[in-house]
Every structure is written in structure tokens, then in C-alpha cells.
Amino acid sequence: NYKSLIAESYLSIGKINEAIDFLSEFVDKEKPSQELVMYASLLYRKLLSNEKAGDGNYSELLDLLKNFRTKFEYIDEELLRIEHTLYAFTNNWNEVKYIGKLLKEIDPANEQYLVAYIGTLENLEAYEEIKNEVSSFPASFNDKSVALAIAVILLRNDLDADYAFSILSVSYTHLRAHETD
């Protein structure tokens, strides 16, 4: 679509406000489209730039993202990550939990999604849910920082210490093996 190309052109020369203004003139916020994804991404980038001008876009972006997630069949992983981040900033842990679970279901192999979800459960003091999740955890993690974070959560809350020490041991063993190579 040529209109998206115009917005991308504005963005390529550093004119994010103009790109947002241009897209806002024609993007249908009630219908899923690439332009809507682009518009939401641009609003988020504007917020991240710490511009005062981005302040007013915060609630618009959250409304847009929630609308996208709840009304459309199509789920966009990038938009879910943005929504997850924004709700985490506002400590809206119930929304973070719901979105975190969706992300985990979309990409079950993503260890960052798993640790974020478990951290959210800890924030909600949902210890029984954490215990239930542990049974589906792998014996080891590719990302050692994830293994450490999960082990800390489990140990800090007195949940499945045996598993926590097991993943720490596996991580340490793998780390030592790589050091000797």
C-alpha cells in the first residue's frame, strides 16, 4: 500500500511524528491490518523516545493494543510484547499475566516468555500456579540467566528447591564445560 510507504519514508528520515500523523488519517483502528500494526509500533517507539509529545499516546496505545488483542482473531506477537511491557510499567499484573500466558502459548520454546510469566505469578503471589508450571519446565535451560532467575524465584518462595538446585547444577556444569574448551 502506497500510504504505508509514505509513512515508512517519513520514518526513514527521522520524522516519527509526521509518520504517526499521516497514518492516523487513514488507518482503520477497528480492523486488523499491517497499517494498524505499524501505527501501534510507531506510537510505542514515540513513547520510548521519552518525548513529552508521546505522553498523550500512552492511553491511546494501550486501548489500541487491548482492542487488537480482544476483538481480532489475528494475534500479533510484537503487539502483545508491547502491551505486556506497557502493563508491566503500570503494575497491572493481571493483564501482564494474561498476556504473558498468551505469549508463552504462542512460543513455548521462548525461555524469556517463561521467566517473565513466572515472575508475574510471583508478583501476584500465585504460588500454586508456579508449582503447577514447574512440572512443564525443561530439565535445563539454554539461557543460563533464565535458569538462575527461575531458580531464585523458586528458592525465594520455598517452591520446589530440588528442581531449583537441579537447574542450577546443570547450568553450572555446562558453564564449566565451556570454560575448559
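Residues numbered from 1 in each chain as written. Predicted model: local features only at pLDDT ≥ 70, side-chain atom pairs only at ≥ 80, totals over all residues. Heavy atoms only, no water.

## Description of the packing of aromatic side chains
For any two aromatic rings, the description comes down to two numbers: the centre-to-centre distance and the angle of the planes. Which entries qualify depends on this criterion: Stacked, edge-to-face and tilted labels apply to pairs of Phe, Tyr and Trp rings (six-membered ring for Trp) whose centres lie within 6.5 Å, assigned for plane angles under 30 degrees, over 60, and everything in between, in that order. Only DSSP runs of H or I with at least four residues qualify as helices, and only runs of E with at least two residues qualify as strands; both kinds are numbered from the N terminus onward. Relative accessibility thresholds used throughout: buried, under 20% of the residue-type maximum; exposed, over 50%; partly exposed, between the two (1.4 Å probe, protein chains only).
Per the counting criterion, the structure on display carries five aromatic pairs. Between Tyr-10 and Phe-22, the aromatic rings sit 6.3 Å apart at their centres with planes inclined by 55°, giving tilted as the arrangement. Taken together, the residues span a long stretch of sequence, with Tyr-10 in helix α1 (residues 2–12) and Phe-22 in helix α2 (residues 16–24) at a distance of twelve residues. Each ring, one from Phe-137 and one from Phe-141, has its centre 6.4 Å from the other, and the planes form 70°; the classification is edge-to-face. Summarising the burial analysis for this pair, Phe-137 and Phe-141 share the class buried. Of the aromatic side chains, those joined through ring pairs into one cluster are Tyr-10, Phe-22 and Phe-26.

## Some words on unusual backbone geometry
The residue Asn-91 is not glycine, and still its phi comes out positive at about 60°. If you trace the backbone, Asn-91 turns up in the loop between α5 (77–89) and α6 (93–106). Positive phi values are uncommon outside glycine, yet Glu-125 reaches one of about 55°. Examined against the element boundaries, Glu-125 turns out to sit in the loop between α7 (111–123) and α8 (127–134).

## Some thoughts on α2
Since there are 3.6 residues in each turn of an α-helix, residues three or four apart along the chain are aligned in direction. Put simply, the rule is: To obtain the arc, one takes the directions from the helix axis to the C-beta atoms. In what follows, residue pairs with any heavy atoms lying within 4.5 Å of each other are defined as contacts.
Of all the positions in α2, only Ile-16, Ala-19, Ile-20, Phe-22 and Leu-23 are classed as buried. In an axial view of α2, the angular spread of the buried residues amounts to 165°, which keeps them on one side of the axis. In this structure, the buried side of α2 is in contact with α1 and α3 (34–48).

## Examining the nonpolar core
The cut-off we apply is this: Residues grouped as a nonpolar core are buried Ala, Val, Leu, Ile, Met, Phe, Trp, Tyr and Cys residues, joined through side-chain atoms within 4.5 Å.
If you look at the biggest cluster of nonpolar residues, it comprises 32 residues, and the most contacted ones within it are Tyr-39, Leu-42, Leu-61, Leu-65, Leu-79, Ile-82 and Leu-86. For this core, the elements supplying multiple residues, two or more each, are α2, α3, α4 (57–71), α5 and α6. Per-element tally for this core: the top contributor is α3, with nine residues. Those residues in contact with Leu-65 that sit more than four places away from it in its chain are Ala-40, Leu-79, Ile-82, Glu-83 and Leu-86. Listed in part, the 20 residues of the second largest apolar core include Tyr-117, Ile-118, Phe-141 and Ala-147.

## Some words on the pattern of salt bridges
We apply this condition: Salt bridges are identified by distance alone: a Lys or Arg side-chain nitrogen within 4 Å of an Asp or Glu carboxyl oxygen.
Across all of its chains, the model carries ten salt bridges by this definition. Of the charged contacts, one joins Glu-83 and Arg-69 as a salt bridge, the two residues approaching to 2.8 Å between their closest N and O atoms. Taken together, the residues span a long stretch of sequence, with Glu-83 in helix α5 and Arg-69 in helix α4 at a distance of 14 residues. Note on Glu-83: relative accessible area 1%, which makes it buried. Lys-104 is the salt-bridge partner of Glu-133, the closest N and O atoms lying 2.9 Å from each other. Note that Glu-133 is positioned in helix α8 and Lys-104 in helix α6, a separation of 29 residues in sequence. Comparing Glu-133 with Lys-104 shows no difference in burial state: the two are buried.

These figures come from the coordinates and say nothing about function on their own.
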